[in-house]
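Each chain, written out:
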Amino acid sequence: MSFYAFEVRTTHRNEFVEVTAKLQVALKESGVTEGLCCVYVPHTTAGVCINEVADPTVSRDIQTHLTQVVPARGDYRHLEGNADAHIKSALIGTSLFIPVKDGKLMLGTWQGVFFCEFDGPRTRQLYVKVLAG
Amino acid sequence: MSFYAFEVRTTHRNEFVEVTAKLQVALKESGVTEGLCCVYVPHTTAGVCINEVADPTVSRDIQTHLTQVVPARGDYRHLEGNADAHIKSALIGTSLFIPVKDGKLMLGTWQGVFFCEFDGPRTRQLYVKVLAG
Amino acid sequence: MSFYAFEVRTTHRNEFVEVTAKLQVALKESGVTEGLCCVYVPHTTAGVCINEVADPTVSRDIQTHLTQVVPARGDYRHLEGNADAHIKSALIGTSLFIPVKDGKLMLGTWQGVFFCEFDGPRTRQLYVKVLAG
């Protein structure tokens, strides 16, 4: 059926965890060589994004920016203490895709996929759906 | 053909309208049990996002944040009075998808889909495309 | 195989280049009449978004907003001088899709697709994958 669910364990409140290898596992198991690798996060206080993975300062700067713009404590109506995490999730998004060609993810040279935790530490789910076409 | 267009009527300038039930209608009519439910907003001053629907304070906080960062009145070049709405649309995005498995949308426990109005009240369109695979 | 790669040349550090015509070329060559046109940017300092193309002040305002919120010079850890571009890419995103119906992109009246350069001038790649279904 080409649907895969992976577990992602996070250890900090805000954390970007690279999950590119999980996508490659799903792609290989699917047997799809031409199509789309679709990544989905079934949470409201986390997200998924693509950016540079080689230099960890890049994802650090993205997280720092988000926390500057969306502070942990603010004049929020939501009283569970994680309104900032919901807002960050809405800004970053919970779905993205990568084209598949010749059996490979068509990521750019510097690109990798991050699971974006905004209300950890938690044990999270990451869904991958591989479509042929 | 598995393409569906729904009307969404908004009543405020900024408003998040839950549209999850419309997606379920489209999915059922399509007959697709494994695949992708793709949601698209054909407007430049609106968007679509996934977040918590059970507690209305969450979408309230997301809207409040967006309006703080992108104020209705600012030093904008666009003179139609809705530059803020275009910027919010670019930040939130106009397309997203949800995986489909066993005939169900694979939304997380707390997730629902919001049509995001940034320049209402208006009568809007929401497109849903269901892909099998 | 319905996968297409286009070159996009940018001439400024921050620049929105309309690429809707390239998507139409890909769609026509694919022969697909019902499905999804998926657009992907394989870079970590660029993105892709949909907004109004008729009035150039709109994309100007989006770029100005992003630069106000994410300044070119800031307290960044990444020392290559383009941390701002990585953050903007994460906010705008690198993938989006447009439904295809009756052989046409189902863009709204005012919508067009922008390649979003945040660290130009450069010669960039834009991937388009057309899925039938």
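In case you missed it, the structure is sitting above this.
My aim in this report is to walk through the structure given alongside it, one point at a time. If you're wondering where the values come from, they're calculated on a predicted model, not measured in any experiment.

**Topic: the relation of the copies chain A and chain B**
Part 1: It takes a turn of 120 degrees to lay chain A on chain B, together with a shift of 0.0 Å along the axis; the resulting RMSD is 0.0 Å. Each copy turns onto its partner about a three-fold axis. Identified as the residue of chain A closest to the rotation axis by C-alpha distance is L91 of chain A, at 3.8 Å.
Part 2: Each copy contacts the other with its own distinct surface, as only 17% of the interface residues of chain A are interface residues in chain B too.

**Quick notes on the environment of A83 of chain B**
Part 1: Take A83 of chain B: it is sitting in helix α3 (residues 83-92).
Part 2: When the C-alpha atoms of A83 of chain B and P71 of chain B are compared, they prove to be 9.4 Å apart, with 12 residues separating the residues in sequence.
Part 3: If sequence neighbours within four positions are ignored, A83 of chain B has contacts with Y76 and H78 of chain B together with D61 of chain C.

**Overview of the sheet that holds strand β4 (residues 46-52) of chain A**
All names here are of chain A.
Part 1: With antiparallel pairing, three strands are arranged side by side in an open sheet as β2-β7-β4. The open sheet terminates on both sides in strands that have one partner only, identified here as β2 (15-18) and β4. The sheet shows a mean angle of 35 degrees between the axes of neighbouring strands, direction not considered.
Part 2: Of the strand pairs in this sheet, β4 and strand β7 (residues 111-117) are connected by seven bridges, and their pairing is antiparallel. Residue V48 lies in a different strand from β7, and its bridge partner there is F115.

**Here's the deal with the interface of chain A and chain B**
Part 1: Listed per partner, the contact involves 29 residues of chain A and 32 residues of chain B.
Part 2: For the pair chain A and chain B, the summed buried area comes to about 2400 Å², and 65% of that belongs to carbon and sulfur atoms.
Part 3: Considering only the side of chain A, the residues that lose the most area to chain B are Y40, T44 and R77 of chain A, jointly responsible for 23% of the buried surface there.
Part 4: Put simply, chain A and chain B have zero salt bridges between them.
Part 5: At the boundary of chain A and chain B, one finds 11 residue pairs in polar contact (both at pLDDT 80 or more).
Part 6: Of all the secondary-structure elements, those providing two or more residues to the side of chain A that touches chain B are β3 (35-40), α3 (83-92), β5 (95-101) and β8 (123-132) of chain A.
Part 7: Per-element accounting of the side of chain A that touches chain B gives the leading share, six residues, to α3 of chain A.
Part 8: Its residues assigned to classes, the side of chain A that touches chain B comprises 18 nonpolar, eight polar and three charged.

**Focus: the nonpolar core**
Part 1: L23 and L126 of chain A, L23 and L126 of chain B together with L23 and L126 of chain C are the most contacted members of the largest nonpolar core, which totals 98 residues.
Part 2: Once you skip the residues sitting within four places of it in the chain, L23 of chain C turns out to touch C37, V39, I98, L105, V113, L126 and V128 of chain C.

**As for the relation of the copies chain C and chain B**
Part 1: With an RMSD of 0.0 Å, the fit of chain C onto chain B corresponds to turning through 120 degrees and sliding 0.0 Å along the axis.
Part 2: An overlap of only 16% is found between the interface residues of chain C and their copies at the interface of chain B, pointing to separate contact surfaces.

What counts, and where the lines are drawn
- Residues numbered from 1 in each chain as written.
- Chains lettered and ligands numbered in written order.
- Predicted model: local features only at pLDDT ≥ 70, side-chain atom pairs only at ≥ 80, totals over all residues.
- Heavy atoms only, no water.
- Least-squares fit on C-alpha atoms with pLDDT ≥ 70 in both.
- Contact = heavy atoms within 4.5 Å.
- Helix = DSSP H or I, 4+ residues; strand = E, 2+ residues; numbered from the N terminus.
- Pairing = 2+ DSSP bridges.
- Axes fitted to C-alpha atoms, helices over the stretch in contact; angles between N-to-C directions.
- Buried area = accessible area lost by both parts, 1.4 Å probe.
- Salt bridge = Lys/Arg side-chain N within 4 Å of Asp/Glu carboxyl O.
- Polar contact = N/O pair within 3.5 Å; in protein donor to acceptor, adjacent residues only side chain to side chain.
- Nonpolar A, V, L, I, M, F, W, Y, C, P; charged D, E, K, R; others polar.
- Core = buried A, V, L, I, M, F, W, Y, C linked by side-chain atoms within 4.5 Å.
- Buried < 20%, exposed > 50% of the residue type's maximum accessible area, 1.4 Å probe, protein only.

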